[in-house]
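# Fold and contact review
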Amino acid sequence: MKHFRDTILTCACMWLLSLSDICLSQPRSPQQGLQVPCFFIFGDSLVDNGNNNGMLTLARANYRPYGIDFPQGPTGRFTNGRTYVDALAQLLGFPTYIPPYTRARGLDLLRGANYASGAAGIREETGSNLGAHTSMNEQVSNFGETVQQLRRYFRGDNDALNSYLGKCLFFSGMGSNDYLNNYFMPDFYSTSSDYTARAFATILLQQYGRQLAQLYSLGARKVIVTAVGQIGCIPYQLARFHGNNSRCNEKINSAIQLFNSGLKRMVQNINGGQLPGAKFVYLDFYESSQDLSLNGTSLGFDVVDKGCCGVGKNNGQITCLPLQQPCQDRHKYLFWDAFHPTELANILLAKATYTSQSYTYPINIQQLAAL
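The residue numbers shown here count from 1 along each chain, following its written sequence. The predicted origin of the model limits local features to residues at a pLDDT of at least 70 and limits the giving and counting of side-chain atom pairs to 80 or more, whereas totals for whole chains, interfaces and linings rest on all residues. Calculation of side-chain values draws on the structure's entire complement of heavy atoms; hydrogens and water are dropped beforehand.

- As annotated in an unreviewed UniProt entry, the protein chain is GDSL esterase/lipase from Arachis hypogaea.
- UniProt positions are given in the numbering used here, feature names are shortened, and annotations may be inferred rather than shown by experiment. Its UniProt record gives the protein chain the following Sequence similarities (unreviewed entry) comment, quoted word for word: "Belongs to the 'GDSL' lipolytic enzyme family."
- Quoted verbatim from the Subcellular location (unreviewed entry) field of UniProt, the annotation for the protein chain is "Secreted".

### What to know about empty space enclosed by the protein
- Lining residues are those with an atom within 4 Å of a point, where the points come from a 1 Å grid over the protein atoms alone and group into cavities, where a 1.4 Å probe fits but cannot get out, or pockets, open sets with protein on both sides within 12 Å along at least five of seven lines. Grid points are joined across faces, edges and corners, and a volume is the space filled by probe spheres set on the points. One pass over the full model with this rule turns up one cavity of 30 Å³ or more.
- Reported here for the largest cavity is a volume of approximately 40 Å³.
- In terms of lining, the largest cavity is formed by Ile41, Asn49, Val85, Asp86, Ala89, Tyr97, Ile98 and Asn114.
- Secondary structure elements follow DSSP: runs of H or I no shorter than four residues count as helices, runs of E no shorter than two count as strands, and numbering proceeds from the N terminus. The element contributing the most residues to the lining of the largest cavity is helix 2 (residues 84-91), with three residues.
- Residue polarity follows a fixed list, in which Ala, Val, Leu, Ile, Met, Phe, Trp, Tyr, Cys and Pro are nonpolar, Asp, Glu, Lys and Arg are charged, and the others, Gly among them, are polar. Grouping the amino acids of the lining of the largest cavity by side-chain chemistry returns five nonpolar, two polar and one charged.

### Quick word on the packing of helix 3 (residues 136-153) against helix 7 (residues 197-217)
- Lines fitted to C-alpha atoms define the axes here, with helix axes fitted over just the stretch in contact, and angles between the N-to-C directions of these axes take values from 0 to 180 degrees. At a minimum axis separation of 10 Å, helix 3 and helix 7 run at an interaxial angle of 5°. Relative to helix 7, helix 3 is oriented roughly parallel. On helix 7, the residues touching Met136, Asn137, Val140 and Phe143 of helix 3 are Tyr208, Gln211, Gln214 and Leu215.
- Its residues placed into classes, the contact of helix 3 with helix 7 shows five nonpolar, three polar and no charged. Here roughly perpendicular refers to angles of 65 to 115 degrees, roughly parallel to angles under 35, roughly antiparallel to angles over 145, and oblique to all remaining angles. Two residues qualify as a contact provided that any one of their heavy atoms is within 4.5 Å of a heavy atom in the partner residue.

### Points about the pairing of strand 4 (residues 222-226)
- Exposed residues in this analysis have more than 50% of their type's maximum accessible area, buried residues have under 20%, and partly exposed residues fall in between, with area computed by a 1.4 Å probe over protein chains only. A large share of strand 4 lies buried, amounting to five of its five residues.
- Of the two faces of strand 4, the one holding Lys222, Ile224 and Thr226 and the one holding Val223 and Val225 are both buried throughout.
- Pairing between two strands requires that DSSP report at least two bridges joining them. Examined bridge by bridge, strand 3 (residues 169-173) and strand 4 share four bridges and lie parallel to one another. Looking at strand 4, one finds that phenylalanine 171 is bridged to isoleucine 224.
- Sheet analysis places strand 4 next to strand 5 (residues 279-283), joined by five bridges and oriented parallel. Across the sheet, the residue bridging to valine 223 is phenylalanine 280, located in strand 5.

### Re the pattern of salt bridges
- Basic side-chain nitrogens of Lys or Arg form a salt bridge, by our definition, when they fall within 4 Å of a carboxyl oxygen of Asp or Glu. Considering all chains together, one arrives at four salt bridges under this definition.
- Measuring nitrogen to oxygen at the nearest pair gives 2.6 Å for the salt bridge that ties aspartate 86 to arginine 77.
- By relative accessible area, which is 3% here, aspartate 86 ends up buried.
- Overall, arginine 77 belongs to the buried group, its relative accessible area being 6%.
- Arginine 82 serves as the salt-bridge partner of glutamate 343, at 2.9 Å between the closest nitrogen and oxygen.

### A few points about the sheet that holds strand 1 (residues 39-43)
- Reading across from one edge, 2-1-3-4-5-10 is the order of the six strands in this open sheet, with mixed pairing throughout. If you trace the sheet from one side to the other, it starts and ends with strand 2 (112-114) and strand 10 (360-361), each paired once.
- Of the pairings in the sheet, the one linking strand 1 to strand 2 comprises three bridges and is parallel in character. Bridging across to strand 2, phenylalanine 40 finds its partner in alanine 113.
- The strands that helix 7 touches are strand 1, strand 3, strand 4 and strand 5; relative to strand 3, the one it contacts most, it runs at about 165°.
- In the packing of helix 9 (residues 250-274) onto the sheet, contacts are made with strand 4, strand 5 and strand 10, and the angle to strand 5 comes to roughly 160°.

Have a look at this one:
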């Protein structure tokens, strides 16, 4: 943990020295070299970069003030600037951001695509309270379509294609909505009455395991999977929770940890030979988000319990509205809105998890890319 905080503090100091840099420059020039040939991304609104823009859904962010600090303005990213995977792609040496699947065309697919969709979950019904989205099952299916397209570029040579995909990096961040917009939304879903927290985690992990195995069958070999973050402490929950002994909703956090511990065991089993030739890295977003929250002030975040943009208590009762005026000092906020971290928080986490092993198991992302 100390190594992580040292990395974070170094980056935070760089922020104070140069607001234009934010620890990372804009996308790197090609001559700086790619760590991997392509990067494929699966997930929810934490990493969605525009796939929901054309959908009939409340889970959209293609309006201001979202993207207020992003060079292209509002693109569908659920933050003020870059997401975690944007920052990670820069560290991996990509000269431009990985495009959303809905806009990726032709040879663009050779360097990857982002399939993530706001409100998406492991379970098919998850997030339907918010409207349309692309579930994890659909995201995997979309990647299957991508593989079919790539096969044409390799002239049907499956061995060459598999060799190429085996060098690529895959990121999968799923599970948050299965708790936030499913299990802990009893007025809309029956899962919390159908399953205990432990049984629900078990079922989620079984479904997720099948989805990850399908990605493996399609060519994924170097895969990052993320733990669910400490969502019992996000502004949305803080605005609703009234506990006597904790500011966070520990009932939610405890349920999430059942899933996270099972996911880490899954990674151990996969690396132990369950999926031959695969190397998975477990990214502990729960512990890293907890550390950022607990050590926020020493890291430059003066505000760790409310969104920079939003309405009501903790700016978390209603998320950031179109054309709403956000806070001015965004680098002092851990959260951008009721649910999502600010650009600076995303960049600090990307920097730390890329080079440090504080929150990655069994190796860090730089080491995974180098395999």
